[in-house]
Structure formats: structure tokens, C-alpha cells
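Spelled out from the first residue to the last, the chains are:
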Amino acid sequence: MSKKYLSAGSPAIITNDLFLAAFLYTVNCELARIEKNERRRVSFVFVGERVRELREAYRAGPVRVDMLSFRENLNRLRYLLSGKAAGQPPDERSMPCPTESPNQLSRV
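Quick caveat: nothing in here was measured; it's all calculated off a predicted structure.

Colleague: What am I meant to see in the pairing of strand β3 (residues 42-47) here?
Modeller: The side chains of a regular strand alternate between the sheet's two faces. With six of six residues buried, β3 lies mostly within the body of the structure. Where burial is concerned, the two faces of β3 agree: the one with V42, F44 and F46 and the one with S43, V45 and V47 are both buried. Note that strand β1 (residues 12-15) and β3 share four bridges and pair antiparallel. Within β3, the position partnered with A12 by the bridge is V47. As paired elements, strand β2 (residues 30-36) and β3 share six bridges and run antiparallel to each other. Directly across from E35, in β3, lies its bridge partner S43. Turn length for the β2-β3 hairpin, with the two strands adjacent in sequence and antiparallel, is five residues, and the turn residue R40 shows positive phi of about 65°.

In C-alpha cells:
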């Protein structure tokens, strides 16, 4: 693991799995930061004493979570990814679809 992901002796993991990130966030792991590379690939960096143990439990499955909390945390992470929380413009996936006038639409 790169030194940039290590945090003052605290165990850390990095994942690109949005659902794993939402699970870790739901079970109270600390989201240290979200990294984006030049190809716009997103990585979540979590720290804490149990992050590795919880990641392995998730991989081995099944795990128990409060689904309402999981859904809220999944939406919160998606919101963070959109850049709205950091004052950044949203990425292209969050942009509204261009609209055309009804006269230009083709009939099906």
C-alpha cells in the first residue's frame, strides 16, 4: 500500500467498491478521504482498528447491517462523489441530459 494511504500508525484500507465503502461507513469505520486519479477512478480510504477485519467479513458474507442506514450512507457517498460537498462541479455522470424540443423528437 502506498505511503499516501497510511495514517499515523492506524490500520488503513483502500477500496474502489462503493458497496464495501457504504458497508464500512455504516459500521462506523472512519472515511479518511476519497481519492480520484487522472482517469477519474475513485478510491475510498478507510482507517480504524477493525477495517481489515470488517472488510474480510464483508468478502466472506453474509454481514448484518441496518439497511436504512446502509442506504443513507450509500447515498451520502454518492453525494460526496458528485463533488457537491467539496464545492467542486459535478462529474459528467451527474450532469442533466440535454433536452431537445418536442418538434425534434422522432416518433417511435
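Colleague: Teacher, can you tell me more about helix α1 (residues 18-26) here?
Modeller: Where burial is concerned, most of α1 is hidden: seven out of the nine residues are buried. Here α1 has its buried residues at L18, L20, A21, A22, F23, L24 and T26. Where the residues of α1 are buried, they touch β1, β3, α2 (51-60) and α3 (67-81). Its side-chain oxygen 2.9 Å from the backbone nitrogen of F19, D17 forms the N-cap of α1. At the C-terminal side of α1, N28 shows a positive phi close to 70°.

Colleague: Help me understand the packing of α1 against α3, please; the structure alone is not making it clear to me.
Modeller: Each packed pair of helices is defined by two parameters, the angle between the axes and the distance between the axes. Where α1 contacts α3, the two axes come as close as 8 Å, and the packing angle between them is 120°. Taken together, the axes of α1 and α3 are oblique relative to one another. Crossing of α1 over α3 shows right-handed handedness. Residues L18, F19, A21, A22, F23, Y25 and T26 of α1 form the contact with α3, whose own contacting residues are S69, F70, N73, L74, R76, L77, R78 and L81. Of the residues contributing to the contact of α1 with α3, the split by class is 10 nonpolar, three polar and two charged.

Colleague: Is there a simple way to explain the pattern of salt bridges in this structure?
Modeller: A side chain with one charge can pair with a side chain of the opposite charge if their charged atoms come near. Scanning the model with the defined rule gives four salt bridges in all. A salt bridge links E56 to R55; its shortest N-O distance comes to 3.4 Å.

Colleague: How should I be thinking about the packing of α1 against α2 in this particular structure?
Modeller: Direction vectors running N to C along α1 and α2 enclose 125°, while the axes themselves pass 10 Å from each other. Comparing their axes, α2 and α1 come out oblique. Judged by the twist between their axes, the crossing of α1 over α2 is right-handed. Contacts from F19, L20, F23 and L24 of α1 reach α2 at V51, L54, R55 and Y58.

Here is what the cut-offs are and how they apply
- Residues numbered from 1 in each chain as written.
- Predicted model: local features only at pLDDT ≥ 70, side-chain atom pairs only at ≥ 80, totals over all residues.
- Heavy atoms only, no water.
- Buried < 20%, exposed > 50% of the residue type's maximum accessible area, 1.4 Å probe, protein only.
- Helix = DSSP H or I, 4+ residues; strand = E, 2+ residues; numbered from the N terminus.
- Pairing = 2+ DSSP bridges.
- Contact = heavy atoms within 4.5 Å.
- Polar contact = N/O pair within 3.5 Å; in protein donor to acceptor, adjacent residues only side chain to side chain.
- Axes fitted to C-alpha atoms, helices over the stretch in contact; angles between N-to-C directions.
- Parallel < 35°, antiparallel > 145°, perpendicular 65-115°, else oblique.
- Left-handed = near helix turned anticlockwise from the far one by under 90°.
- Nonpolar A, V, L, I, M, F, W, Y, C, P; charged D, E, K, R; others polar.
- Salt bridge = Lys/Arg side-chain N within 4 Å of Asp/Glu carboxyl O.

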